[in-house]
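# Close look at the chain arrangement
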Amino acid sequence: MRKQRHPQYDQCPIEAAMDIIGGKWKGSILFLLLDDKKRFSDFQKRLTKITQRTLTQQLRDLERDGMVSREIFPQVPPRVEYSLTEKGRTLAPLLIELKNWGEIHALPVEAEDA
């Protein structure tokens, strides 16, 4: 069970949403899944500063909250793929806008030629 920031979310939908998608890596994980399914190693290649333990925990949290689906293929070695659920796909417009906002307002501005 997720540790909630508040005992009730009756009047705070932002806190409820942030409890599910907040955290340092969840937004990046969800954004990477917008285009296609990913394997654990795909996340490790793209999110080079995340630890294996943290990635595992973030994926478990997202799966528990119904945002991500985990599919295990019975083969040797086992193959696991992660994808967005329908609920997770509803975040697509928000994630794209958040990316756009970050490019404009959060990334360092390149020095213009004088």
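Further up the page is the structure itself.
Counting restarts for each chain, with residues numbered from 1 along the sequence as it is written. The predicted nature of this model means local features are confined to residues of pLDDT at least 70 and side-chain atom pairs, given and counted, to a pLDDT of 80 or more, with totals for whole chains, interfaces and linings taken over all residues. Each side-chain value is derived from all of the structure's non-hydrogen atoms; neither hydrogens nor water enter the calculation.

The criterion for strand pairing is that DSSP finds at least two bridges linking the strands in question. The secondary structure listing takes helices from DSSP runs of H or I that are at least 4 residues long and strands from runs of E that are at least 2 residues long, numbered from the N terminus. Bridge analysis of strand β2 (residues 68–73) against strand β3 (residues 79–84) gives six bridges, and the strand direction is antiparallel. Residue pairing in the sheet places V68 in a bridge with L84 of β3.

So, about the nonpolar core. Here the nonpolar core consists of buried residues drawn from Ala, Val, Leu, Ile, Met, Phe, Trp, Tyr and Cys, with membership extended through side-chain atoms lying within 4.5 Å. Per-residue accessibility, obtained with a 1.4 Å probe over protein chains only, is compared with the maximum for each type, and a residue is labelled buried under 20%, exposed over 50%, and partly exposed between these values. Residues I29, L30, F43, M67, V68 and Y82 are the most contacted members of the largest nonpolar core, which totals 23 residues. Listing elements by their share of this core, those giving two or more residues are α1 (13–21), α2 (26–32), α3 (40–46), α4 (52–64), β3 and α6 (92–106). Beyond its immediate sequence surroundings of up to four residues, I29 is in contact with F43, L47, L55, Q58, L59 and L62. Working rule for contacts: check all heavy atoms of both residues, and any pair within 4.5 Å makes them a contact.

On to the packing of aromatic side chains, then. Within 6.5 Å between ring centres, the rings of Phe, Tyr and Trp (the latter by its six-membered ring) count as paired, and their orientation is classed by plane angle as stacked under 30 degrees, edge-to-face over 60, tilted in between. Counted under the stated rule, the structure contains one aromatic pair. Ring geometry for F43 and Y82: centres 6.1 Å apart, planes at 65°, overall edge-to-face. With F43 in helix α3 and Y82 in strand β3, the pair connects residues that are 39 residues apart, well separated along the chain. Accessibility assignment for this pair places F43 and Y82 in one class, buried. Two limits define a charge over a ring: the Lys NZ or Arg CZ must be within 6 Å of the ring centre, and within 35 degrees of the ring normal. In this structure, R79 packs its charged tip against the face of F73, placed 3.8 Å from the ring centre.

To continue, consider the sheet that holds β3. Strand order across the open sheet formed by three strands is β1-β3-β2, with antiparallel pairing between neighbours. Each edge of the open sheet carries a strand with a single partner, namely β1 (38–39) and β2. Taken together, the two bridges between β1 and β3 define a ladder with antiparallel strand orientation. Residue pairing across strands places R39 opposite E81, the latter belonging to β3.

Counting through the fold element by element, E86 comes out in helix α5 (residues 86–89). A relative accessible area of 68% places E86 in the exposed class. Taking C-alpha positions, E86 is 9.5 Å from S69, a pair spaced 17 residues apart along the chain.

If you trace the backbone, S83 turns up in strand β3. Relative accessible area serves as the criterion here: at 19%, S83 is assigned to the buried category. The contacts of S83, once residues within four sequence positions are left out, are L33, K37, M67, V68 and S69.

As a further point, take α6. By this rule the span expected of a helix is its residue count minus one, scaled by 1.5 Å. Its 15 residues give α6 an end-to-end C-alpha distance of 20 Å, which sits within 8% of 21 Å, the value for a rise of 1.5 Å per residue. Those residues of α6 not exposed but buried are A92, L95 and G102. Projection of α6 onto a plane perpendicular to its axis shows the buried side chains occupying an angular sector of 90°, all on one side. Turned more than 90 degrees away from the buried face of α6, the exposed residues are P93, E97, I104 and H105. Where the residues of α6 are buried, they touch α2 and α5. By construction, the arc corresponds to the directions joining the helix axis to the C-beta atoms.

Structural measurements only, silent on function.
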